[in-house]
Amino acid sequence: MTSEELLKRVRKIEIKTRSLSRNIFAGEYHSQFKGRGMAFSEVREYQPGDDVRTIDWNVTARLNKPYIKVFEEERELTVMLLVDVSGSRDFGTVGDFKRDRMAEIAATLAFSTIENNDKVGVIFFSDRIEKFIPPKKGKTHVLHIIRELLSFEPESHGTNIANALQYFSNAIKRRSTAFLISDFIVASPEAITAMEKPLLIAGNRHDMHAIRLYDPVDAALPNIGLIQLHDAETGRNHWVNTSLSSVRQAYSRRWQQNTERLDDLLLRTGTNHISMRTDEDYVKKLMQLFKS
């Protein structure tokens, strides 16, 4: 992609997603994610009816009068986007490629963040941490994130979500709202199980939300005869006879089993989540996530 083409795509996605975040999501974002914590504001003299648990004993001892700590809602929020950049994102049969739809969703969330004067940061991950963009405010910062979302090429192609969650918990100490954006296509059922502990740790420190994005062919093979499938994460090629109903059923069954494992994991860890196809209206889905 040339620099000119990249700039055009950045501008196009900015116009679309900024309008969405400003006109549709700003109110939902503010009501659902703002004011989750309390920050110290000041001390004042104790008045009858005040909660004695808020007494500031150091100030009280120094002034010989009871004083209490006053807290107010934290209005500034940090939003972190954990974006899967593994090989399976470069796939699409209807609508957008997964990487393009992920970029739009992440950009919409990022613009919603700066519309409310909050910070936003990004972690790109495959089976390793590919790039960390620390949280900052401002349009320039968000446009930088969008350019990276559209043009970033990872060094590796596998997927390790557990590793990404561990890195996130270690890198971001202050409580934040985090969106994990992935197709959740992993090498084995054990890789889903391995996510449980880091999800629980991250969920105790942060407000965790998972967005699963998939192509219709991820869930069901079409009947189109003998085809060669390329695994973008392992580099392997497989010949598959899709005309056999047993093959299509086994493929769909494996998808369904992985879906059930993932849904069960997210439910057990208390992770708010949605699942959407690349040809679905992501606006409705994000509104569903905000309201849930």
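Residues numbered from 1 in each chain as written. Predicted model: local features only at pLDDT ≥ 70, side-chain atom pairs only at ≥ 80, totals over all residues. Heavy atoms only, no water.

Draft legend 1. Structural context of the pairing of strand β8 (residues 226-230). In the sheet, β8 pairs with strand β9 (residues 237-241) via five bridges, with the strands oriented antiparallel. Bridging from a neighbouring strand, Leu229 pairs with His238 of β9. (Pairing = 2+ DSSP bridges. Helix = DSSP H or I, 4+ residues; strand = E, 2+ residues; numbered from the N terminus.)

Draft legend 2. Quick peek at unusual backbone geometry. The residue Asn64 is not glycine, and still its phi comes out positive at about 60°. Within the secondary structure, Asn64 sits in the loop between α2 (57-63) and β2 (67-73). We classify Asn64 as exposed; its relative accessible area is 68%. The phi angle at Phe184 is positive, at roughly 55°, despite the residue not being glycine. (Buried < 20%, exposed > 50% of the residue type's maximum accessible area, 1.4 Å probe, protein only.)

Draft legend 3. Summary view of the pattern of salt bridges. Following the criterion strictly, the structure yields eleven salt bridges and no others. The partner of Asp90 in a salt bridge is Arg99, with the nearest N and O atoms 2.8 Å apart. We classify Arg99 as buried; its relative accessible area is 13%. Because the salt bridges share partners, they merge into one network encompassing Asp90, Arg99 and Glu153. (Salt bridge = Lys/Arg side-chain N within 4 Å of Asp/Glu carboxyl O.)

Draft legend 4. View of the packing of aromatic side chains. Following the criterion strictly, the structure yields three aromatic pairs and no others. On the numbers, 5.1 Å between centres and 10° between planes, the contact of Phe124 with Phe152 is stacked. Separated by 28 residues along the polypeptide, Phe124 in strand β4 (residues 119-125) and Phe152 in the loop between α4 (139-151) and α5 (161-171) bring together distant segments of the chain. For the ring pair Phe132 and Tyr167, a centre distance of 5.9 Å and an interplane angle of 75° mean the geometry is edge-to-face. Residue Phe132 is located in strand β5 (residues 129-136), and its partner Tyr167 is located in helix α5; the two are separated by 35 residues in the primary sequence. On the basis of relative accessibility, which here comes to 28%, the residue Phe132 falls in the partly exposed class. Directly above the ring of Tyr214 sits Arg212, whose terminal nitrogen or CZ lies 5.8 Å from the centroid. (Phe/Tyr/Trp six-rings, centres within 6.5 Å; stacked < 30°, edge-to-face > 60°. Lys NZ or Arg CZ within 6 Å of the ring centre and 35° of its normal.)

Draft legend 5. Helix α7 (residues 196-205), seen in detail. Considered for burial, the residues of α7 that qualify are Pro198, Leu199 and Ala202. Taken around the axis of α7, the buried residues stretch over an arc of 100°, which confines them to a single face. Exposed and oriented more than 90 degrees from the buried face of α7 are Lys197 and Asn204. Buried residues along α7 sit in contact with α5, β7 (207-214) and α9 (245-268). (Arc of directions from axis to C-beta. Contact = heavy atoms within 4.5 Å.)

Draft legend 6. Region of the structure containing the packing of helix α3 (residues 98-115) against helix α10 (residues 282-291). At a minimum axis separation of 11 Å, α3 and α10 run at an interaxial angle of 50°. As summarised for this structure, α3 and α10 are arranged oblique, according to the angle between their axes. Pair α3 / α10 crosses with right-handed handedness. Between α3, through Arg101, Glu104, Ile105, Thr108 and Leu109, and α10, the contact on the second element is made entirely by Tyr282, Leu286 and Phe290. Here the residues of the contact of α3 with α10 sort into five nonpolar, one polar and two charged. (Axes fitted to C-alpha atoms, helices over the stretch in contact; angles between N-to-C directions. Parallel < 35°, antiparallel > 145°, perpendicular 65-115°, else oblique. Left-handed = near helix turned anticlockwise from the far one by under 90°. Nonpolar A, V, L, I, M, F, W, Y, C, P; charged D, E, K, R; others polar.)

Draft legend 7. Just the pairing of strand β3 (residues 78-84), in detail. Most of β3 is tucked away: seven of the seven residues are buried. Where burial is concerned, the two faces of β3 agree: the one with Thr78, Met80, Leu82 and Asp84 and the one with Val79, Leu81 and Val83 are both buried. Two strands pair when backbone bridges link them, and β3 and β4 are joined in this way by seven bridges, in the parallel orientation. Of the residues in β4, the one forming a bridge with Leu81 is Val122.

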